[in-house]
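# Examination of the molecular architecture
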Amino acid sequence: MVLEIENLKQHYGTLEVLDIASWKVDSGIYWIQGENGAGKSTLFRSLAGMLPFTGNVTLDQKYNLKTEPVDYRLRLSLGEAEPLYPSFLTPADLIAFVAEAKKSPAGQVEMLIDTLGINYLKHPFGSCSSGMVKKVSLAISFLGNPSVIILDEPLITIDKEARQALFKLIQTYHQQGVTFLISSHQLFQQEGLAVTESFALRNKTLVKLGME
């Protein structure tokens, strides 16, 4: 199994948001659906180690987020739905920092910048549109050698060309063994991205759906 969740519980104060007893996925591209407020972003941020939770999450059957946090984080990346970066920072600064932290292989940074059309590397984020910021967040989610890439609403604010480039990146990385968890309110299967299975986040847990 590529990703395993056991007894994951997430609370905001006294409010229980997630209660996932067991969920396992092998290599694939998985569509995670759910209404607004269902907890998708909370789940993804928990899996990325950005929020504390009870329970366990394991990658590749040996990297536990709580006991091997560095090895785990090197193998799981998250592209957030609405990324926020310091206004004075530039895409070049952020990409270089994450590339070093993720031990990005030679040539990867240049490939991602070119593929996603990030031609504003020296512009501070304070002068960038939401679509420009989104493309940078997508690029950094592909850096390194991840086993799992989580993309939270990756299609919002990006144009048609960026969508096509993103789908090609997903297909290329998946062919190389990377598993994807993607949330989206927009359909993407009709644009050539095949989904292995679909799940819905309902009643605090993940439920398998029939193939669309």
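The text that follows walks through the structure, step by step, so that each part is easy to find. This one's a predicted model, so the numbers in the text were calculated from it and none came from an experiment.

The rules we used
Residues numbered from 1 in each chain as written. Predicted model: local features only at pLDDT ≥ 70, side-chain atom pairs only at ≥ 80, totals over all residues. Heavy atoms only, no water. Pairing = 2+ DSSP bridges. Helix = DSSP H or I, 4+ residues; strand = E, 2+ residues; numbered from the N terminus. Axes fitted to C-alpha atoms, helices over the stretch in contact; angles between N-to-C directions. Buried < 20%, exposed > 50% of the residue type's maximum accessible area, 1.4 Å probe, protein only. Core = buried A, V, L, I, M, F, W, Y, C linked by side-chain atoms within 4.5 Å. Contact = heavy atoms within 4.5 Å. Nonpolar A, V, L, I, M, F, W, Y, C, P; charged D, E, K, R; others polar.

This brings us to the sheet that holds strand S9 (residues 197-202). One open sheet holds the 6 strands; their spatial order is S6-S7-S8-S3-S9-S10, and the pairing between them is mixed. Since the sheet does not close on itself, it has two edges, and those belong to strand S6 (76-79) and strand S10 (205-209), each with one partner. Adjacent strand axes in the sheet meet at a mean angle of 20 degrees, parallel and antiparallel pairs treated alike. Bridge count for strand S3 (residues 29-33) against strand S8 (residues 179-183) is 4 bridges, and the pairing is parallel.

Looking now at the side chain of Glu4. Structurally, Glu4 is set in strand S1 (residues 3-12). Overall, Glu4 belongs to the buried group, its relative accessible area being 13%.

Before going further, it helps to examine the nonpolar core. Among the nonpolar cores identified, the biggest contains 35 residues, and Phe142, Leu151, Ile170 and Phe180 are the most heavily contacted of them. Looking at this core, the elements with two or more residues in it are helix H3 (91-101), helix H4 (108-116), helix H5 (130-141), strand S7 (148-152), helix H6 (160-175) and S8. In terms of residues, this core owes the most to one element, H6, which gives 7 residues. In contact with Ile170, other than residues within four places in its own chain, are Ile29, Phe142, Leu151, Phe180, Ile182 and Leu193. Grouped together as the second largest cluster of nonpolar side chains are 29 residues, Val25, Ala48, Leu78 and Ile150 included.

Now for the environment of Ala139. Along the chain, the position of Ala139 falls in helix H5. The exposure class assigned to Ala139 is buried, which follows from its relative accessible area of 3%. Note: C-alpha distance between Ala139 and Val109 (30 residues apart in sequence) is 8.2 Å. Beyond its immediate stretch of four places on either side in the chain, Ala139 contacts Leu112, Leu116 and Ile118.

So, about the packing of H4 against H6. Contact geometry of H4 with H6 gives a least axis separation of 9 Å together with a crossing angle of 145 degrees. Every residue of H6 that contacts H4 at Gln108, Met111, Leu112, Thr115 and Leu116 is listed here: Ala162, Ala165, Leu166, Leu169 and Tyr173. Here the contact of H4 with H6 is composed, by residue class, of 8 nonpolar, 2 polar and no charged.

That is the geometry; function is a separate question.
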